[in-house]
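Coordinates in review
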Amino acid sequence: MSRKRYAMVVDTRQCVSCKACVLACKAENEVPDGFSRDWLMEEVWGDYPNLSAENRSERCNHCTNTPCVHACPTGASHVNEGGTVLVSHNKCTGCKACIAACPYNARYTHPAGYVDKCTFCLHKVQRGEQPACVSICPTKTLFFGDLNDPTSEVYKLLRSRRFKVLFPETGAKPNVYFLY
Amino acid sequence: MGLLYDPDRLKRPLIRRDKRGSQVFEEVDWKTALDHVAEKLSKYTATPEALALYSHGYGGTWFKHLVKAFGTPNIGAPSDAQCRGSRETAFALTYGSPLGSPEHVDMPHSRVITFIGSHLGENMHNTQVQDLATAISHGAQLIVVDPRFSTVAGKARHWLPIKPGTDIALLLAWMHVIIKERLYDREYVEQHTVGFDELKKHVEDKTPEWAFTRTTIAPEVIVETARLIGGARPASLIHPGRRTAWHGDDTQRLRAIAILNALVGSYGRKGGFYIPAKPELPKYPTPPYSRKRAQPADWQKGQNYPFADSILAHGLRDAVFPGTADYDIKAWLVYGCNLPLALPQPERTREAMEKLDFIVAVDVLPSEITGWADVVLPEATYLERYDDIAAPPYREPYLALRQPVVEPLHDSKPGWWIARELANRMGLAEYFPFENVTEYLQTRLEKGGYDFAELKEKGVILTEPQPLYIEDGLEPTFCPDTNKIEIYSQKMADAQMPGVEPLPHYTDPEEPNRADEEFRLLFGRSPVHTFGRTTNNRFLSSVVSKNVVWINRQIADEMQVTCGDWVVLVNDTWTCGTCGKQHSGKSRPSAKCSGCQAEPAEFVQEKPVRSDPIQVKRTRRIRSDCVYMVHGYGHDSKGLKFARGRGASDAKLMTRVQVDPVMGGTGMNGNFVRIEKTTAPKEAQS
Amino acid sequence: MNTDYVEICPTAYHKMVEHAHEVWGWEIVVYLFLGGLVAGLLVLTAALELRAGERSKSRGLMWMPFIALALISLGMGALFLDLHYKIHVFRFYLAFQPSSPMSWGAWILLVIYPAAFLLGMGSLSGDWRERINGWVEKKSKRLKGLLDWSFEWADEHRRTLLWTNLVVGAGLGVYTGLLLGTMVARIHWNSAVLGPLFLSSGLSTGAAFMLLFKLDKDEQRALVRWDMLAIAAELFFIALMLISFVGGNHAAQVAGEGLLGGKWTAPFWTLVVMLGLVVPLLLETVEIKRRLPLTVVTPVLILIGGVSLRAILLASGQESCFCDLR
């Protein structure tokens, strides 16, 4: 039984920053007001009129070399099924070392006390469904699956398209890949 | 969800208790409210044309049916003259039928898509955006012509930051290049069009260099993009956009777009425009409308819009002022149209509402129009009601059912019930001869050979597919009489009216006065919100809760403002003393009146209109002669507790319209504003 | 991809939307300062006695371990206030995560209590021991028994206790720096030099604090000399830090901008370097050379410098982000 390595692939060519992924996640995971587990980066560069843009739907990267799990003093931040990084609410003291440790600013303090972030909707994935953001995306920008499965879409996309990750120099080995 | 549980939703019928517009109401039960409405409307039984219906959305079919039975021809919606009316007329004149909604563009198969001003991706017509995404994934190249670097411009191979109002020059220059370099579909043009020779002569002097001086787009870019457009024929789509009411020459601009599509042979071809099929669904049997209906009152006395396909919503408003139209409109029934924000010249709308004898509004939220109504009837949301069956023309013809998933909350009622109850009280019961809407739906479906239970379960039923393209054997029908695509429009030539030329002409647009530091105000949509309708939705607003004004970076630096600073936009207006036409600008215009050629000395200065405070977005993504904001904010309805006071209203600034002489549409992109710095409002909401 | 500017959909609790992604505020500044100070107290108290070879006669030093405990309790109180999920505070002590400096710190803090307490017990003079015995005897015989045992144990294992406190104190001083220094994400902190920097700062602030008390002339001189060494070390480690910014990779260069021309330059160089380090060093040099009586000026400046160092580093570090590298 081979181990799973969950990952997400974002096709920046398709993304129009419609923010449906943000809203779907908010609804599915009851994200409190003023916070979000995923967000859009509309990156524009150049000088008028020679401008270029890239749209990215970003979230926690569920890194392989997790800075947050390393920083957590109680073991609340831990690696779960398929490499998904989760927070055990009952162990979290709210010390926020993980927030300071995350190079992607993916975490936030939940009003209930614990630190929270994207969970790859593991509760849905375990039921055989896709994460909320992936299901809702109208432009087929988001893909989720097991990188160790050669029949998965994420595997095939990363073998056929150019991709990048955010800030590879952190050494965190993120598992959200951006096609461009 | 945010709408279903919106605490500000209309809950119970309301009757006005203070002067109109004060938003003081008393809650009553349905019987009282409906009796009152019926009593008021029955006053017009002998002159039913005095009643006008405004309706937007699928749920309005019941009310259209009601007022048609009542006998009035005055049924309008801002989605025509304020939105896509010019496009419909232009395509009807060129191809013989209006484009319709949804526009039948075949983007997934296009190789090149050219957007003129459309910001698809920010206006979130879901299926179309999905089609665009599919097109991109198939390698389609995009050309985006827009003064602003929109989301779709960020995906384009070419972004042409065109000077607003000069699109016709660009389109003519493209035609020039495409004809000169023989990049048009000769077989298609010969077989299906008339007027090519006239067009060729017409664009002979419309060179890229000529266009450059008008549009500020470099000649090489015009040539390169023309080659891209022509080279991809026939799968080269010049997208007609949706809200096309910009500068008053909009039908001509859309004619140019239609003609360009004809040149590359995209209409009726794969990757261009497919020919949609509409499923056959018989109507529910009701007696024919027996009353003889008068002519609509949407034209002012003496006005003539020879090619208007639809009723002008702003015309119905103007007809409220006694003596303006052939007869006066005395009462409004408004279904889901927030007229104070949707119609330009909101001051005029306010005056009209003060003059009306009676206003009844059917709505879900306490939007501004409900604040002006005499009776407000709370409709159930789309999650709580059945609407009539939707059978729009599409690639795969289908039937769709809107059905309730929860019981209506509070005391709201579905539209069909409201319409039927009114009909019963107005002597029109025979037009609603069903007890329950499910009876209506079932009967219609069975008559068409469909199963109601199946539609209920699936939500959508696909019907018989039909050939979509000329390549697949479809026999296209074009303009009546000729059965050809009319590049040169004889009908328009025959009308002999200024602005109604048979081939699109370019005229220089009026421009903001640089010396007075004016900018053209442009507006658009946010993908999160639907016009102004959802800005009270707390769920959606957790993502985007206000609008900002986009100002070119260099201008912002000159003004010493930066992102987050608060400003107010000021629209100065001059009214021509002779004809009433409005002109924009701080200083007295130097040119004669564009309506009646009166001297500028005749102009009367109006009080400047100031917007609500709005924050600045200092950006490189827009030309230095324009500013941009998203529409739908700046609500002042007391009932919209969340939206009230958030962001700024662009509608308030729409004091000036440029009327399209072909079909009467109101161009709203001709308002020039100055920017004044201000301090943050007391409770600056974010 | 040279991005001139970036625009973000303002939905995320995100660094670029809220300018300072600040999760640690004044509570952590207080803790870091007191932690460093207490580290200094423990190390120097132990070192003074190890150097002298016998128990000190000054009252200040006698009470120092207990003062240290009081101060570290204050610091831990501040830490507790910072926690977002306070009722789970006990979770720190149901786990040990070797990769987490904070976990190390939690346990070090725990160990300090018995170590310093016993050191303090052993430091108490005969007078005080009698007094305490008297009070306790009145309350409970069993407690008196425990008390006697502690005094005995503490005296017997004096040397062990001294070394334990020295090592644990050093550990306390270093870990606070490594806690910040191992955060790769916060490029301004990400350097191992923060460990020894905070330790030497802790020693210096500890010495300064101790100099506020009435101590033996000889002890005071020793503290001043050690403080001079600590300040020199601090300056050295700050120099190393700056060298790693200026001579480092892109991230390091961007990280250093705040202190070298950016918004933190002025406060850092005036409050921390000048007032907190250079001026006290000069003053101390003069005081030692000229054998002048010591004033409170030097210690106060050092303490101000210590608080400023932590406050500035904490703020600038949390602002710094890989996003800055675009």
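Procedures and definitions
Residues numbered from 1 in each chain as written. Chains lettered and ligands numbered in written order. Predicted model: local features only at pLDDT ≥ 70, side-chain atom pairs only at ≥ 80, totals over all residues. Heavy atoms only, no water. Pairing = 2+ DSSP bridges. Helix = DSSP H or I, 4+ residues; strand = E, 2+ residues; numbered from the N terminus. Contact = heavy atoms within 4.5 Å. Axes fitted to C-alpha atoms, helices over the stretch in contact; angles between N-to-C directions. Parallel < 35°, antiparallel > 145°, perpendicular 65-115°, else oblique. Left-handed = near helix turned anticlockwise from the far one by under 90°. Nonpolar A, V, L, I, M, F, W, Y, C, P; charged D, E, K, R; others polar. Buried area = accessible area lost by both parts, 1.4 Å probe. Salt bridge = Lys/Arg side-chain N within 4 Å of Asp/Glu carboxyl O. Polar contact = N/O pair within 3.5 Å; in protein donor to acceptor, adjacent residues only side chain to side chain. Expected span 1.5 Å × (residues − 1). Bend = angle between axes of the 7 residues up to and from the residue. Buried < 20%, exposed > 50% of the residue type's maximum accessible area, 1.4 Å probe, protein only. Domains from an automatic or database assignment.

Section: the sheet that holds strand β10 (residues 331-335) of chain B
Backbone-to-backbone hydrogen bonds join strands into a sheet, with any given pair of strands oriented parallel or antiparallel. All names here are of chain B. The strand order across the open sheet formed by seven strands is β2-β1-β12-β11-β10-β3-β4, and the pairing between neighbours is mixed. Among the strands making up the open sheet, the edge pair consists of β2 (25-27) and β4 (75-76). Judged from the three bridges that link them, strand β1 (residues 14-16) and β2 form a sheet pairing that is antiparallel. Residue pairing in the sheet places Ile15 in a bridge with Glu26 of β2. Relative to strand β12 (residues 375-378), helix α1 (residues 30-42) is tilted by about 130 degrees, and along the sheet it contacts β1, β3 (51-55), β10, β11 (358-363) and β12.

Brief notes about the packing of α1(B) against helix α15 (residues 415-425) of chain B
Between two packed helices, both the angle of their axes relative to each other and the distance between the axes serve to describe the pair. All names here are of chain B. Running from N to C, α1 and α15 point in directions that differ by 55 degrees, and their axes come no closer than 9 Å. When the interaxial angle is binned, α1 and α15 end up oblique. Crossing handedness for the pair α1 and α15: right-handed. Residue-level inspection shows Trp30, Lys31, Leu34, Asp35, Val37, Ala38 and Ser42 of α1 in contact with α15, the latter providing Trp417, Ile418, Glu421, Leu422 and Arg425. In terms of residue class, the contact of α1 with α15 is made up of seven nonpolar, one polar and four charged.

Some points on the interface of chain C and chain A
Quoted interface sizes are often the accessible area lost when the parts come together. Contact residues are listed per partner, giving 41 residues for chain C and 50 residues for chain A. Buried surface at the junction of chain C and chain A, both sides included, amounts to about 3,900 Å², of which 60% is carbon and sulfur. Summed over the shared surface of chain C and chain A, the result is one salt bridge. A salt bridge links A:Lys96 to C:Asp82; the nearest nitrogen and oxygen atoms lie 3.0 Å apart. At the surface where chain C touches chain A, the tally comes to 17 residue pairs in polar contact (both at pLDDT 80 or more). Of all the elements in the fold, those that place two or more residues in the side of chain C that touches chain A are β1 (5-8) and α3 (101-123) of chain C. By residue number, the principal contributor to the side of chain C that touches chain A is β1(C), which donates four residues.

Details of the interface of chain A and chain B
Each partner contributes residues to the interface: chain A has 25 residues there, and chain B has 27 residues. Three residues stand out in chain A for area buried against chain B, namely A:Val16, A:Leu23 and A:Tyr48, and they jointly supply 26% of the buried area on that side. The interface formed by chain A and chain B holds three salt bridges in total. Of the charged contacts in the structure, one is a salt bridge between B:Arg620 and A:Asp47, with a shortest N-O distance of 3.6 Å. On the surface where chain A and chain B come into contact, there are seven residue pairs in polar contact (both at pLDDT 80 or more). For the side of chain A that touches chain B, the elements supplying multiple residues, two or more each, are α1 (20-29), β2 (38-47) and β3 (50-59) of chain A. Its residues placed into classes, the side of chain A that touches chain B shows 12 nonpolar, seven polar and six charged.

Here's the deal with α3(C)
The end-to-end C-alpha distance of α3(C) is 31 Å, a good match for the 33 Å that 23 residues give at a rise of 1.5 Å each. Along α3(C), the sharpest kink reaches roughly 25 degrees, centred on C:Ile112 and followed within four residues by the proline C:Pro114.

Focus: the environment of B:Ala373
Residues and elements named next belong to chain B. The topology assignment puts Ala373 in the loop between α14 (368-372) and β12. Here Ala373 falls in the buried class, since its relative accessible area comes to 0%. Residues Ala373 and Ala361 lie 12 residues apart in sequence; the distance between their C-alpha atoms is 5.9 Å. Every residue in contact with Ala373, bar those within four places of it in the chain, is listed here: Arg16, Phe25, Ile359 and Ala361.

Side note on the domain arrangement of chain B
Residue and element names in this part refer to chain B. As assigned here, chain B comprises domain 1 (14-76 + 282-388 + 398-462), domain 2 (82-276 + 470-495) and domain 3 (519-572 + 608-685). Placing the centre of domain 1 and that of domain 3 at their C-alpha centroids yields a distance of 30 Å. Residue-level contacts link 20 residues of domain 1 with 25 residues of domain 3. Summed over both partners, the interface of domain 1 with domain 3 buries about 1,800 Å², with 59% contributed by carbon and sulfur atoms. On inspection of domain 1 and its partner domain 3, the count reaches zero salt bridges. Viewed at the interface, domain 3 and domain 1 are joined by seven residue pairs in polar contact (both at pLDDT 80 or more). A per-class count over the side of domain 1 that touches domain 3 returns 11 nonpolar, eight polar and one charged.

What to know about the pattern of salt bridges
All chains considered together, the criterion is met by 61 salt bridges over all chains. Note that B:Glu486 is salt-bridged to B:Lys491, the shortest N-O span being 3.6 Å. By relative accessible area, B:Glu486 is classed as buried at 5%. Residue classification places B:Lys491 among the partly exposed residues on the basis of a relative accessible area of 33%. Across the pair C:Arg55 and C:Asp155 runs a salt bridge whose closest N-O atoms are separated by 2.8 Å. Here C:Arg55 is found in the loop between α1 (26-52) and α2 (59-82), whereas its partner C:Asp155 is found in helix α5 (residues 141-156), with 100 residues between them in sequence. On the basis of relative accessible area, C:Arg55 is assigned to the partly exposed category, the value being 32%. A relative accessible area of 31% means that C:Asp155 is categorised as partly exposed. Via salt bridges that share partners, A:Glu43, A:Glu54, A:Arg56, A:Glu58 and A:Lys164 belong to a single interconnected network.

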